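Per-entry structural report
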Amino acid sequence: MSPEAASLPEGILAHHFASLERQNEAMRLGMWLFLATEILLFAGLFTGYSVYRFEFPLAFAECSRHLSLTAGTVNTIVLITSSFTVALSIHFARTDQRRAAVVCLALTILLALGFLGIKAIEYTAHFREHALPGKYYAFEEVKIPGAAMFYTLYFMMTGLHGLHVVAGMSVLTWLLWRTNQGRYSSRYYTGLELGGLYWHLVDLVWIFLYPLLYLI
Amino acid sequence: MGESGSSGRANVALHPDDRHEEHAHSAIPYVVVWIALLAFTALTYLTGKQHLGAWALFIALAIACLKSALVALIFMHLKDSSGMTRLVFGTSLVFVGILLFFTVADVATRFRPATPAGAPFGTERSRPEGLLEHEMPE
């Protein structure tokens, strides 16, 4: 066993990696490959959005004005702040400030819950107004062609994004648990870093969803 | 192996550059980026509410791209990443560009003779009733 492997907490360095540095690099590369597939997944929806917005500019603008701009803006601030707190938690972990890292992760999860709460209030309003996708669309205030398509894309995009928020929250909760156990420190924090990368991607997607859905 | 023994080995095991990085690592860039992201969000909100017509989409997307660049470079550490991870991210962006550009270019360049009545994404379907072609917004 190399001196490096001996110095690490058990089970961190897999036996098929020559050094921790190489393992970290492989982990990061794997994560970025996964994030690339996520980016392309959302790109499909953004392309659909572009085509239908080009086709129905009036309906998209009109429907957009019926979304709650306040809710969208507050959610943008919430997600940006959660991205900041997760970046801080990794900073604290790699500078051996475990308690601060745990607090930042807990804050991130709370902000994620807040985001979902606001989204739930918005969804409730849409259901009440029958501003629903496809054939279920019966919104009284916008009755022009393409309006149903806007809400179809709105629900698909925010819905898929919401699923990612839930997944991200689950990952962060697990990482919170592990950080609290002291598994991440200046010696090793790549696992936590990868969880953070996923959460930042969730933020990245929302950065584009916000102006495209709420501010036409 | 005692506690002091294991920590002593850890120092030996760390790459000298890495150790320097841990000590030098600062949270200040994160704070700066967070404030910048909030400021850009305010800018998106304010310009978005003006309904600037043809420029609105361009401005909104430009700000969104700037915000994403900040998140990717600083929060996601792409600034300090290896060339390999940057290549993966860059490649995904290229393919997103291809997907978006050619799809939208196709729809945007269709004209009447090329789109028989009833064809999807023709020139007929999208027009709200009562609006003539020259009254359609861009």
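Computed from a predicted structure; not experimentally measured.

Remarks on the overall build of chain B
- Within chain B, the secondary structure is distributed over five helices and zero strands.
- Element order for chain B, N to C, with α for helix and β for strand: α-α-α-α-α.
- Relative to its 138 residues, chain B shows a buried fraction of 12%.
- Across chain B, every contact between residues at least 6 apart in sequence was considered, and the portion connecting residues at least 24 apart equals 34%.

What to know about the overall build of chain A
- For chain A, the helix and strand inventory stands at seven helices and zero strands.
- Written out in order from the N terminus, the α and β elements of chain A read α-α-α-α-α-α-α.
- Over its C-alpha atoms, taken along the principal directions, chain A stretches across nearly 70 × 30 × 25 Å.
- The 216 residues of chain A split such that 44% are buried.
- Summarising the internal contacts of chain A: among those between residues at least 6 apart in sequence, 74% fall at separations of at least 24.

Here's the deal with the nonpolar core
- One finds Leu105, Phe150 and Leu209 of chain A to be the most contacted residues of the largest nonpolar core, which totals 78 residues.
- Of all the elements in the fold, those that place two or more residues in this core are α2 (20-55), α3 (57-65), α4 (69-94), α5 (98-129), α6 (147-180) and α7 (190-214) of chain A together with α3 (28-50) and α4 (54-75) of chain B.
- No other element matches α7 of chain A, which puts 16 residues into this core.
- Setting aside chain neighbours within four positions, we find Leu209 of chain A in contact with Met157, Thr158 and His161 of chain A.

A word on the confidence of the model for chain A
- Residues at a pLDDT of 70 or more form 95% of chain A, whose mean pLDDT is 91.
- Mean pLDDT across the secondary structure elements of chain A bottoms out at helix α1 (residues 3-7) of chain A, with 55, and peaks at α5 of chain A, with 96.

Considerations on the packing of α4 of chain A against α7 of chain A
Residue and element names in this part refer to chain A.
- One can describe the packing of α4 onto α7 by two numbers: an axis separation of 9 Å at closest approach and a directional angle of 160 degrees. Relative to α7, the element α4 lies roughly antiparallel. Read as a crossing pair, α4 and α7 show a hand that is left-handed. Contacts between α4 and α7 pair Leu69, Gly72, Thr76, Leu79, Ile80, Ser83, Val86, Ala87, Ile90 and Ala93 from the former with Leu192, Glu193, Gly196, Trp199, His200, Asp203, Trp206, Tyr210 and Tyr214 from the latter.

Observations regarding the interface of chain A and chain B
- Between chain A and chain B, the residue contacts involve 48 residues of the former and 45 residues of the latter.
- Those elements giving two or more residues to the side of chain A that touches chain B turn out to be α1, α2, α3, α4 and α7 of chain A.
- Counting residues per element, the side of chain A that touches chain B draws most heavily on α2 of chain A, at 16 residues.
- Of the residues assigned to the side of chain A that touches chain B, the class counts are 29 nonpolar, eleven polar and eight charged.

Quick word on unusual backbone geometry
- Its identity as a non-glycine residue notwithstanding, His130 of chain A has a phi of 60 degrees, on the positive side.
- Structurally, His130 of chain A can be placed in the loop between α5 and α6.
- Take His130 of chain A: there are 12 C-beta atoms within 10 Å of it, and that puts it in the exposed class.
- Phi is positive for His77 of chain B, which is not a glycine, with a value near 60 degrees.
- For His77 of chain B, the location among the structural elements is in the loop between α4 and α5 (83-108).
- Of the residues examined, His77 of chain B has 17 C-beta atoms within 10 Å and is grouped as partly exposed.

Here we look at the environment of Glu193 of chain A
- Examined against the element boundaries, Glu193 of chain A turns out to sit in helix α7.
- When the C-alpha atoms of Glu193 of chain A and Met156 of chain A are compared, they prove to be 29 Å apart, with 37 residues separating the residues in sequence.

Points about α4 of chain A
Residues and elements named next belong to chain A.
- Over its 26 residues, α4 runs 38 Å from end to end, which matches the ideal 38 Å to within 8%, given 1.5 Å per residue.
- The buried fraction of α4 is high, at 19 of 26 residues.
- One or two steps after α4, the chain reaches Asp96, where phi turns positive at roughly 60 degrees.

A word on α2 of chain A
- Over its 36 residues, α2 of chain A extends 52 Å from the first C-alpha to the last, a length consistent with the 52 Å expected when each residue adds 1.5 Å.
- If you check which residues of α2 of chain A are buried, you get Leu20, Arg28, Met31, Trp32, Leu35, Tyr49, Ser50, Val51, Tyr52, Arg53 and Glu55 of chain A.

Cut-offs and rules
- Residues numbered from 1 in each chain as written.
- Chains lettered and ligands numbered in written order.
- Predicted model: local features only at pLDDT ≥ 70, side-chain atom pairs only at ≥ 80, totals over all residues.
- Helix = DSSP H or I, 4+ residues; strand = E, 2+ residues; numbered from the N terminus.
- Buried ≥ 20, exposed ≤ 12 C-beta atoms within 10 Å, placed from the backbone.
- Contact = placed C-beta atoms within 7 Å.
- Core = buried A, V, L, I, M, F, W, Y, C linked by C-beta atoms within 7 Å.
- pLDDT = per-residue confidence, 0-100.
- Axes fitted to C-alpha atoms, helices over the stretch in contact; angles between N-to-C directions.
- Parallel < 35°, antiparallel > 145°, perpendicular 65-115°, else oblique.
- Left-handed = near helix turned anticlockwise from the far one by under 90°.
- Nonpolar A, V, L, I, M, F, W, Y, C, P; charged D, E, K, R; others polar.
- Expected span 1.5 Å × (residues − 1).

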